[in-house]
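Analysis of the macromolecular model
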Amino acid sequence: MSPVRAAASKQNLRMLPSVDELIRTATAIGIAESAGQVYTAKLARRVIDEYRAELSSRPEMSKAEVLAEIEKRLDHAWQREQLTGTRRVINATGVIIHTNLGRAPLSANARQAVADAAGYCTLEYDLDTGKRGRRAARAEKQIVELTGAEDTLIVNNCAAAAFFVLTVFAAGGEVVISRGELVEIGGDFRIPDVLSQSGAELREVGTTNRTKLADYEKAITERTRLILRVHPSNYRIVGFTAMPDAAELAEFAHRHKLIIYEDLGSGAIVDFADLGLGDEPVAAKSIESGVDIITFSGDKLLGGPQAGIIAGKSELIAKLRNHPLYRVLRADKLTYAAVEATLAAYIRGTAREEIPVMQMLSQTSESLAKRVQDFVERLNKGPGKNNAFKLEVVDGQSAIGGGAAPGVGLETSLIAITHSKMTPIEIEKRLRASQPPVIARILDNRVVLDLRTVPEEDEPDLINAIRSEPPGERGG
Ligand SMILES: *Cc1c(COP(=O)(O)O)cnc(C)c1O
């Protein structure tokens, strides 16, 4: 270090504020209102320590300058912390079941049910008798109603459901599965890994694109416990392919006194064929085919909360219900409340109107084009019109996401945003920094917004986010 620098450093050290001085600043007092005194003091100490470590590289400054600088850093540190945690965002990506953005948004009824159940509720209480009731009794009845299964059970998520079924019915034995179904879903759910964790051994049969009943036949030994069918959610094998259907495989399994279990993944509780999702397996059809147990997610196409739904033969479900693992994997009251309210809409026949996932799937490209046109008009009118942005409507595709119906794109109208001075990355970042944050996509070097996944009531917030000047340019 040069003598001049060393002198500056020493001088600066004397200018460093104490924690006490820092927490008396207006910034710190403001932060303390939400963070609390104790935590603000900790944050203040951390910021001062960080600053001290950089002193040698700083020019000489006055006490007021140093304090102002550290105050600013304290504010930044707190702002950064505010960005973490679970917050509401506007999903303008057009990906309906966006795993990073909380998958299925809940219906208004489900949100209300969650809020109501957040206090005391009848989770395990029977209002009729005034005695202890069974957890999930209503939700289980609803799933029976909708799937035609003899009995059902709800656990924490579909991964837990698959692990549970395989552990209880196949641990120590072998599970036969087609090579075409040894899939990885979402990067952290791999069928072979779940199988080995459950203590079952994997017996792969057939080839990636073709598996026949004869292949299953050859693989059966006295150690075989279960035949597993997995819906290869997030990808498709097309072309020269063959797979026994659920009914054939069920008949085959029962002939060999084996359990047949099908993991539907996303699963459709009603037939989505008219929405162009013909490939998604329908829960009731699977049960009707004679499959013993099915599992599917609560927060994919069903449009409810994170949950794993297990449905099937009553003696098998009873075995699961009485197993200690059920206690380990059980869902909480908020989940049951949301599942019940979501399923009630399906039973009423109002799912298309009520469940956001269904609404978003059902929007036609014509209605979206109209919405986009209105939106752009509103954006171009009114106070604070932002001339620097250029908006253009272009055709595009929304995605279902959540590993459902890969390859199915839904026609949509996108709003492409460009700016004379900002790059697409800067625009995208700016939208992400707005309040609430707007999550957009970059396509062909332009930021695009898809209103399919933006509820109409969020449109004013989206307009504000696009109009608002970035913090540094205010008043310019
Ligand atoms: C998504 C999926 C899972 C995992 O479901 P989670 O509810 O996310 O745990 C399991 N199996 C299949 C086939 C899936 O598509």
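All of these numbers come straight from a predicted model, not from anything done at the bench. Starting from 1, residues in each chain are numbered consecutively following that chain's sequence as written. Local features are withheld for residues below a pLDDT of 70 in this predicted model, meaning they are given only at 70 or higher, and side-chain atom pairs are given and counted only at 80 or more; totals for whole chains, interfaces and linings count all residues. Excluded from the side-chain calculations are hydrogens and water; all other atoms, namely the structure's heavy atoms, are used.

Looking at the overall build of the chain
Helix and strand assignments follow DSSP, with helices taken as H or I runs no shorter than four residues and strands as E runs no shorter than two, numbered in order from the N terminus. Check the secondary structure of the chain and you find 20 helices and 18 strands. Counting only C-alpha atoms, the chain reaches 90 × 55 × 50 Å along its principal axes. Considering the chain as a whole, with its 476 residues, one finds that 49% of them fall into the buried category. The criterion used for residue contact is that any of the two residues' heavy atoms lie within 4.5 Å. Of the contacts formed within the chain by residues at least 6 apart in sequence, a portion of 75% connects residues at least 24 apart. Note on areas: Shrake-Rupley, 1.4 Å probe, and residue coverage restricted to the protein chains presented here. Looking at the chain as shown, the accessible area adds up to about 23500 Å², and 51% of this sits on carbon and sulfur atoms. Accessible area is worked out with a 1.4 Å probe on protein chains only. A residue is then buried under 20% of its type maximum, exposed over 50%, and partly exposed in between.

Quick word on the pattern of salt bridges
The salt bridge criterion pairs a side-chain nitrogen of Lys or Arg with a carboxyl oxygen of Asp or Glu, the two atoms within 4 Å. The tally for this structure, following the rule as stated, stands at 31 salt bridges. Across the pair Glu124 and Arg135 runs a salt bridge whose closest N-O atoms are separated by 2.7 Å. Pair noted here: Glu124 is in the loop between α6 (108–117) and β3 (125–126) and Arg135 is in the loop between β4 (131–132) and α7 (137–147), with a separation of eleven residues, a long-range link. A salt bridge links Arg432 to Glu428; the nearest nitrogen and oxygen atoms lie 2.9 Å apart. One end of the pair is Arg432 and the other is Glu428, both in helix α19 (residues 424–432) and four residues apart, which spans about a single turn. Judged by its relative accessible area of 39%, Arg432 falls in the partly exposed class. By sharing partners, the salt bridges in this structure join Glu124, Arg132, Arg135 and Arg330 into a single network.

A few points about the pairing of strand β14 (residues 389–401)
Note that strand β2 (residues 95–97) and β14 share two bridges and pair parallel. Its bridge partner lying in β14, Val95 is registered against Ala399. If DSSP finds at least two bridges between two strands, the strands pair.

Quick look at the packing of helix α18 (residues 365–380) against helix α20 (residues 459–467)
For any two helices packed against each other, one specifies the inter-axial angle together with the distance between the axes. Here, axes are lines fitted to C-alpha atoms. For helices the fit covers the stretch in contact, and angles between N-to-C directions go from 0 to 180 degrees. Their axes nearest at 11 Å, the elements α18 and α20 cross at an angle of 50 degrees. Compared by their axis directions, α18 and α20 come out oblique. Where α18 crosses over α20, the handedness of that crossing is right-handed. For the pair α18 and α20, contact is made by Arg371, Phe375, Arg378 and Leu379 and by Glu459, Leu462, Ile463, Ile466 and Arg467, respectively. Residue type decides the class: Asp, Glu, Lys and Arg count as charged, Ala, Val, Leu, Ile, Met, Phe, Trp, Tyr, Cys and Pro as nonpolar, and the leftover types, Gly among them, as polar. Residue composition of the contact of α18 with α20, grouped by class: five nonpolar, no polar and four charged. Orientation is classified from the angle alone, with under 35 degrees giving roughly parallel, over 145 giving roughly antiparallel, 65 to 115 giving roughly perpendicular, and any other angle giving oblique. Note on convention: the crossing is left-handed when the near helix lies turned anticlockwise from the far helix by less than a right angle, right-handed when the turn is clockwise.

Observations regarding the sheet that holds β2
Read from one edge of the open sheet, five strands run β2-β14-β15-β18-β17, paired in mixed fashion. The sheet is open, and its two borders are formed by β2 and β17 (441–443), each paired with just one other strand. Pairwise comparison of adjacent strand axes, ignoring direction, gives a mean angle of 40 degrees for this sheet. Sheet topology note: the β17/strand β18 (residues 446–450) ladder contains three bridges and is antiparallel. If you follow Leu443 over to β18, its bridge partner there is Arg446. Sheet strands in contact with α18 are β14 and β15 (409–419), and its direction is about 20 degrees off that of β15. Sheet contacts for α19: β14, β15, β17 and β18; angle to β18, the most-contacted strand, approximately 40 degrees.

Some details on the environment of Gln11
On the secondary structure map, Gln11 appears in helix α1 (residues 3–15). Placed 50 residues apart in sequence, Gln11 and Met61 show a C-alpha to C-alpha distance of 8.2 Å.

A closer look at the nonpolar core
Residues Phe164, Ile310 and Leu361 are the most contacted members of the largest nonpolar core, which totals 84 residues. Here this core takes nine residues from helix α8 (residues 158–170), the largest share from any one element. Setting aside anything within four residues of it in sequence, one finds Ile310 in contact with Asp151, Thr152, Leu153, Val155, Ala161, Phe164, Val165, Ile293, Ile294, Thr295, Ile317 and Leu320. Counting 22 residues, the second largest nonpolar core, distinct from the first, contains Val372, Phe389, Val447 and Leu449. For this analysis, a nonpolar core means a set of buried residues of the types Ala, Val, Leu, Ile, Met, Phe, Trp, Tyr and Cys, connected via side-chain atoms within 4.5 Å.

Considerations on α18
An ideal rise of 1.5 Å per residue puts 22 Å on 16 residues; α18 measures up with 22 Å between its terminal C-alpha atoms. Inspection of α18 places Leu368, Arg371, Val372, Phe375, Val376 and Leu379 among the buried residues, and these make up the whole buried set. Around the axis of α18, the buried residues are gathered within 130 degrees of arc, so they sit on the same side. Summarising the contacts, the buried residues of α18 are in contact with β14, β15 and α20. Here the expected length of a helix is defined as 1.5 Å per residue gap, with one fewer gap than residues. The arc in question is formed by the directions pointing from the helix axis toward the C-beta atoms.

Focus on the side chain of Asp299
Positionally, Asp299 belongs in the loop between β12 (293–297) and β13 (308–312). By relative accessible area, Asp299 is classed as buried at 8%. In contact with Asp299, other than residues within four places in its own chain, are Ile97, Arg103, Ala104, Gly304, Pro305 and Gln306.

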